[in-house]
Amino acid sequence: MPTLIATSVVRGSQKGESHGGVFTLDFERQNVEQHIDWNTGEIDFAGRGADRGLRGIAFDGERIYIAASDELFCYDRSFQRIGSWRCAYLKHCHEICVLDRLLFLTSTGFDSLLVFDLDQARFVRGIHMLKQTDGWIGVSYDPESESGPRPSNEHHINMVHVDSRGVFFSGLKTRALVHYAGDDRVTEFCSLPRGTHNARPFAGGVLFNDTESDCLRVVKQSGRQQVLKIRHYDPATIRFAGVDDSRVARQGFGRGLCVIDEQTLAGGSSPSTITLYDLRHGREIASVNLTMDIRNAIHGLEVWPY
């Protein structure tokens with residue numbers, strides 16, 4: 001059983017008994033430990049839909065990088081903060097990803113991807129993603145200048161995955177997993193339904209949270225699909241149902257997804273639940289619920305590497 005690290009956001013303006021922050025979950029021992037609490041007031045958690053909390057997670061050696069809405073934070077393994085960085089073009093960040101010495105961030109509020117150089121500890125490149133009638137283009141800009149794009153959220157880019165083939169991104173409105181190979185070359189890797197999260201290439205096809213359909217999907221190039229339904233609870237057990245002022249909180253909302261191995265996935269959902277799935281048998285292996293408060297939702301989800 002793996003140990004996972006997860007971020008949880010809080011929807012709406014309520015604090016109270018919130019469970020937003022950063023957690024590690026040891027599935028073997030069924031142990032959950034909270035390391036960062038969004039209620040501390042030290043971090044600006046504001047974001048789209050009043051989702052307040054830390055978001056994407058990435059690792060570089062002994063350092064843990066976690067994104068808030070408009071700031072990148074760095075922690076050591078004991079979750080002591082080492083540093084933080086802002087960029088004028090980082091707005092409503094969702095997921096982040098590291099390859100080699102570069103960290104890639106989604107900047108949802110600017111329809112952009114940003115590149116942070118880990119050695120220089122600075123933002124070194126922005127890529128504004130535009131969809132035109134004849135396809136996608138990526139326009140590079142200097143994130144330290146004033147010549148970048150104006151705020152825009154046409155595509156709601158919420159996911160970035162980087163490997164040896166290049167950069168893949170997607171969003172609620174992209175209707176595709178899009179491949180960026182550099183030199184402003186952008187092509188569609190595959191189509192996606194509207195409203196997806198966490199799309200990435202997987203096993204010769206694509207893996208994603210089909211959030212609007214309350215399921216995870218693994219789609220092969222042949223078109224064959226594997227569908228894993230997201231856990232639902234008795235409505236009577238859901239706390240604060242109907243009082244969320246962001247108007248998006250509902251159970252079964254799938255967000256947060258990581259690959260354990262070629263046969264095992266971990267997915268997040270609302271109210272803050274993390275579930276392990278066995279692809280070989282198409283079933284749940286285990287599930288942990290952090291709170292039944294519907295205002296709390298999993299966001300980032302990764303395997304704890306230490």
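Rules and cut-offs
- Residues numbered from 1 in each chain as written.
- Predicted model: local features only at pLDDT ≥ 70, side-chain atom pairs only at ≥ 80, totals over all residues.
- Heavy atoms only, no water.
- Phe/Tyr/Trp six-rings, centres within 6.5 Å; stacked < 30°, edge-to-face > 60°.
- Helix = DSSP H or I, 4+ residues; strand = E, 2+ residues; numbered from the N terminus.
- Buried < 20%, exposed > 50% of the residue type's maximum accessible area, 1.4 Å probe, protein only.
- Pairing = 2+ DSSP bridges.
- Axes fitted to C-alpha atoms, helices over the stretch in contact; angles between N-to-C directions.

Novice: Pulling in residues and values, what's your account of the packing of aromatic side chains?
Specialist: Applying the stated criterion across every chain, the model contains 13 aromatic pairs. Summarising the aromatic geometry, the rings of Phe59 and Trp304 are spaced 6.3 Å apart at their centres and angled 85° between planes, so their arrangement reads as edge-to-face. Placement of Phe59 in strand β5 (residues 57-60) and of Trp304 in the segment after β26 (296-303) is noted, with a sequence separation of 245 residues between them. With a relative accessible area of 17%, Trp304 lands in the buried category. Aromatic pair Phe79 and Trp304: ring centres 5.8 Å apart, planes at 15°, arrangement stacked.

Novice: I'd like a rundown of unusual backbone geometry, residues and numbers included.
Specialist: A cis geometry characterises the amide bond from Ser270 onward to Pro271, with omega recorded as -10°. With respect to the helices and strands, Pro271 occurs in the loop between β23 (264-269) and β24 (273-278). The phi torsion at His156 lies on the positive side, around 50°, for a residue other than glycine. With respect to the helices, strands and loops of the structure, His156 is situated in the loop between β13 (135-141) and β14 (157-163). Look at His156 and you get buried, because its relative accessible area is 2%. Of note in this structure, Asp214 is not a glycine but carries a positive phi near 55°.

Novice: With reference to specific residues and values, describe the sheet that holds strand β19 (residues 205-210).
Specialist: Across a sheet, strands are paired by hydrogen bonds formed along the backbone, either parallel or antiparallel in direction. The 4 strands lie next to each other as β18-β19-β20-β21, forming an open sheet whose pairing is antiparallel. Every other strand in the sheet has two partners, leaving β18 (196-202) and β21 (225-229) as the edge strands with one partner each. Mean inter-strand twist for the sheet, computed between neighbouring axes without regard to direction, equals 15°. Where β19 lies against strand β20 (residues 215-219), 5 bridges are found, and the strand directions are antiparallel. Counted as the bridge partner of Phe208 is Arg217 from β20.

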